[in-house]
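# Summary of the model geometry
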Amino acid sequence: MTWSIIAKDNATGQIGIAVATKFFAVGARVPHIAPAIGGIATQALVNPYYGIDGMKLLRDGRAPREIVETLIAADAGHASRQVHIMDAAGRIAAYTGKDCVDWCGHLEGEGFSIAGNMLAGGRVLDDTAKAYTANAQTPFARRLITAMHAGEKAGGDKRGRQSAALLIYGEEEWPDLDLRVDDHADPLAELERLEAVSRDRWVHFRKFLPSRKNPAGITDRAVIDAGIAAAIESES
């Protein structure tokens, strides 16, 4: 009842997941990311533990294919599940249970994985992939949203639209961007608006927050405000 893309941005090393569906609060259950390790999207009749347990296995260094096999072996309901995984090295594995609703399937490319179920057709994934590939010079967050828009134009979730989400991690254990549209008539358009708002201040502010390399971060408000102003000016 969902389609999603997992990708790694070679320019920044960021790992991101974008997802959309005709269901409430898709961002609360589908996307899971461990920075510099990989991402998992668990969907269809979602099993949240595919994300929770799968991330533990990714952190342990297990290969995506082995993780998928481990998850479905432990789940008597796996025929109704869909999951796809991409690690930081670009290795991909996916599973679509036989009871997932058509159209359902998976597509992988260089540095990205796309999967969906209960879609208008296979073109949803094809057009999502084409748009992602064609916009290699677009900043990562906007590239993911553009790809999802292309999938929606191809039919998207055949039941309609309700929620969407974008989750991106960089080096830190907190996300660079975590946007959720839980219930909206046009969730991808609203997600796009929120991403634009994030560039007003958040994306410039986050570099001053505590990090593993700089545990205190920057606390001088004058330095923070000047840095944000300079960053905004450089982009204008």
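Anything mentioned here points back to the structure above.
What this report covers is the structure whose coordinates are included nearby. (Residues numbered from 1 in each chain as written. Predicted model: local features only at pLDDT ≥ 70, side-chain atom pairs only at ≥ 80, totals over all residues. Heavy atoms only, no water.)

### So, unusual backbone geometry
In this structure, the amide linkage connecting Asp-102 to the following residue, Trp-103, adopts the cis form with an omega of -10°. Tracing the chain through its elements places Trp-103 in the loop between β6 (92-96) and β7 (105-109). The residue Ala-44 is not glycine, and still its phi comes out positive at about 65°. Relative to the helices and strands, Ala-44 is located in strand β4 (residues 38-44). (Helix = DSSP H or I, 4+ residues; strand = E, 2+ residues; numbered from the N terminus.)

### Re the pairing of β4
Taken across its seven residues, β4 has seven buried, putting it largely inside the fold. In this structure, strand β3 (residues 31-34) lies alongside β4, joined through four bridges in antiparallel fashion. Within β4, the residue paired with Ala-34 across the bridge is Gly-38. Between the antiparallel neighbours β3 and β4 lie three residues, among them Ala-36 with a positive phi of about 65°. The sheet contact formed by β4 and strand β5 (residues 81-87) spans seven bridges and is antiparallel. (Buried < 20%, exposed > 50% of the residue type's maximum accessible area, 1.4 Å probe, protein only. Pairing = 2+ DSSP bridges.)

### Some details on the sheet that holds strand β9 (residues 163-169)
The strand order across the open sheet built from six strands is β7-β8-β1-β2-β9-β10, with neighbouring strands paired in antiparallel fashion. Of all the strands in the sheet, the pair left with one neighbour each is β7 and β10 (177-181). Strand after strand, the sheet turns through a mean of 10° between neighbouring axes, direction not considered. Across the face of the sheet, helix α5 (residues 187-198) comes into contact with β1 (2-8), β2 (15-21), β9 and β10 while running at roughly 145° to β10. (Axes fitted to C-alpha atoms, helices over the stretch in contact; angles between N-to-C directions. Contact = heavy atoms within 4.5 Å.)

### Observations regarding the packing of aromatic side chains
On inspection of all chains with the given rule, the structure shows three aromatic pairs. Centroid distance Trp-202 to Phe-205: 6.2 Å. Interplanar angle 50°. Geometry classified as tilted. Taken together, the positions of Trp-202 and Phe-205, both in helix α6 (residues 202-205) and three residues apart, correspond to about one turn of that helix. In this structure Phe-205 comes out as partly exposed when scored by relative accessible area, which is 28%. Among the aromatic side chains, those forming a connected cluster through ring pairs are Trp-174, Trp-202 and Phe-205. Here Arg-143 stacks its cationic end above the ring of Tyr-132, 3.7 Å away from the centre of that ring. (Phe/Tyr/Trp six-rings, centres within 6.5 Å; stacked < 30°, edge-to-face > 60°. Lys NZ or Arg CZ within 6 Å of the ring centre and 35° of its normal.)

### Thoughts on helix α1 (residues 48-59)
Think of an α-helix as turning once every 3.6 residues; residues three or four places apart then point the same way. Relative to the 16 Å expected for twelve residues at 1.5 Å per residue, α1 spans 17 Å between its end C-alpha atoms, a close match to the ideal helical length. Of all the residues in α1, the buried ones are Tyr-50, Gly-51, Gly-54, Met-55, Leu-57 and Leu-58. In a view along the axis of α1, the buried residues occupy a sector of 160°, so they form one face of it. Turned more than 90 degrees off the buried face of α1, the exposed positions are Tyr-49 and Arg-59. Contact partners of the buried residues in α1: β3, β4, α2 (64-73) and β5. The N-terminus of α1 is capped by Asn-47, whose side-chain oxygen sits 2.9 Å from the backbone nitrogen of Tyr-49. Phi for Gly-61, located one or two positions after α1, is positive at around 90°. (Expected span 1.5 Å × (residues − 1). Arc of directions from axis to C-beta. Polar contact = N/O pair within 3.5 Å; in protein donor to acceptor, adjacent residues only side chain to side chain.)

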